[in-house]
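Residue-level structural notes
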Amino acid sequence: MQSAYRRHHYTETSLLYIHDHLINAIGSQKLSCLCLRDLSAAFDTIDHDILLTRLSFWFGINGSVLNWFKSYFSSRTFCVKCNDCFSSLHTSLYGVPQGSVLGPLLSIMYTTPLGTPISSLSLYDHLYADDTQLFLSFHPSDLQASITHLARRYVYTT
């Protein structure tokens, strides 16, 4: 479940998905536990080699298209402006350009494999850009076992 960078999927979509789950849990007399994770500077920390591998193996992008992405990531430079002064040029070894059309799509493609271990661990999840919500609902008699399950699974997936 990803609500960012998709048509007709907004912050409200994410909130409604989680709200609906919680209301259904309350209606079934269950407790819910929610873990929130925010990946700060998510666009800036994307490893180019890992992303290229995922583009190839997860999405079947190969040949000249994959080579284009390699070229797109290589030798990117940036500088910082403060008032009227510019820093020297630095080479960007990580990250995807923010404000670009490809940035959000590449970010989603980079994080796609996280869904597999999360869904295999009997957890519900929802993503919005660089925010991830993992949650679990359970009967009160299963409180300790469920919290232990969530804590183990959350640490495993991060």
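All right, on to the overall build of the chain then. Tallying secondary structure elements over the chain gives six helices and seven strands in all. The helix and strand sequence of the chain, counted from the amino end, reads α-β-α-α-β-β-β-β-α-α-β-β-α. When burial is assessed residue by residue, the chain has 34% of its 158 residues classed as buried. Within the chain, contacts between residues at least 6 apart in sequence are counted, and of these 68% link residues at least 24 apart. Here the chain displays about 10100 Å² of accessible surface, and carbon together with sulfur accounts for 58% of that area.

Put plainly, two cysteines are in a disulfide when a covalent bond ties their sulfur atoms together. Within the structure shown, the criterion is met by zero disulfides. A disulfide-free cysteine, cysteine 82 has its sulfur positioned 7.1 Å from the sulfur of cysteine 85, the nearest such atom.

Let us look at the layout of surface pockets. In this approach, a probe sized like a water molecule rolls over the atoms, and the result shows the empty space that is left. In this structure, the second largest pocket spans a volume of roughly 200 Å³. Looking at the lining of the second largest pocket residue by residue, the class counts come to five nonpolar, four polar and two charged.

Turning next to unusual backbone geometry. The phi dihedral of glutamine 29 falls on the positive side, at around 55 degrees, and the residue is not glycine. With respect to the element layout, glutamine 29 can be found in the loop between helix H1 (11-27) and strand E1 (31-38). On the accessibility criterion, glutamine 29 (65% relative accessible area) is exposed. For asparagine 83, which is not a glycine, the phi torsion comes out positive at approximately 60 degrees. Along the chain, the position of asparagine 83 falls in the loop between strand E3 (81-82) and strand E4 (85-86). We classify asparagine 83 as exposed; its relative accessible area is 68%.

With that settled, consider a nonpolar patch on the surface. Residues Leu31, Leu143 and Ile147 make up a contiguous nonpolar surface patch of roughly 220 Å² in combined accessible area. Positionally, leucine 143 belongs in helix H6 (residues 143-157).

Once that is clear, we can look at the confidence of the model for the chain. Per-residue confidence for the chain gives a mean pLDDT of 78; residues scoring 70 or more make up 73%. Predicted confidence in the chain is weakest over helix H5 (residues 115-120), with a mean pLDDT of 60, and strongest over E4, with 93.

Moving on: the nonpolar core. Buried together is how nonpolar side chains tend to be arranged in soluble globular proteins. Formed by 14 residues in total, the largest nonpolar core has its most connected members in Leu51, Leu55, Phe69, Phe73, Val96 and Leu106. Elements with a minimum of two residues in this core: helix H2 (48-57), helix H3 (63-73) and helix H4 (102-111). In terms of residue count, H3 provides more of this core than any other element does, four residues in total. Setting aside anything within four residues of it in sequence, one finds phenylalanine 73 in contact with His48, Leu51, Leu52, Ser92, Val96 and Leu106.

Turning our eyes to something else, we now look at the packing of aromatic side chains. Taken as a whole and assessed by the stated rule, the structure comprises four aromatic pairs. Relative to tyrosine 72, the ring of tryptophan 68 has its centre 5.1 Å away and its plane inclined at 15 degrees; by these criteria the two rings are stacked. Of this pair, tryptophan 68 and tyrosine 72 both sit in helix H3, four residues apart, which is roughly one turn of that helix. Take tyrosine 72: its relative accessible area is 16%, and that puts it in the buried class. An aromatic cluster of at least three residues, connected via ring pairs, comprises Trp68, Phe69, Tyr72 and Phe73. The cationic tip of arginine 54 hangs over the ring face of tyrosine 110; the distance from NZ or CZ to the ring centre is 5.0 Å.

The rules behind the values
Residues numbered from 1 in each chain as written. Predicted model: local features only at pLDDT ≥ 70, side-chain atom pairs only at ≥ 80, totals over all residues. Heavy atoms only, no water. Helix = DSSP H or I, 4+ residues; strand = E, 2+ residues; numbered from the N terminus. Buried < 20%, exposed > 50% of the residue type's maximum accessible area, 1.4 Å probe, protein only. Contact = heavy atoms within 4.5 Å. Areas by Shrake-Rupley, 256 points an atom, 1.4 Å probe, with all protein chains shown as cover. Disulfide = S-S within 2.5 Å. 1 Å grid on protein atoms, 1.4 Å probe; cavity = no way out; pocket = protein on both sides within 12 Å on 5 of 7 lines; lining within 4 Å. Points joined across faces, edges and corners; volume = space filled by probe spheres on them. Nonpolar A, V, L, I, M, F, W, Y, C, P; charged D, E, K, R; others polar. Patch = residues over 30% accessible without salt bridge, like charges linked within 9 Å, V, L, I, M, F, W, Y side chains within 5 Å. Salt bridge = Lys/Arg side-chain N within 4 Å of Asp/Glu carboxyl O. pLDDT = per-residue confidence, 0-100. Core = buried A, V, L, I, M, F, W, Y, C linked by side-chain atoms within 4.5 Å. Phe/Tyr/Trp six-rings, centres within 6.5 Å; stacked < 30°, edge-to-face > 60°. Lys NZ or Arg CZ within 6 Å of the ring centre and 35° of its normal.

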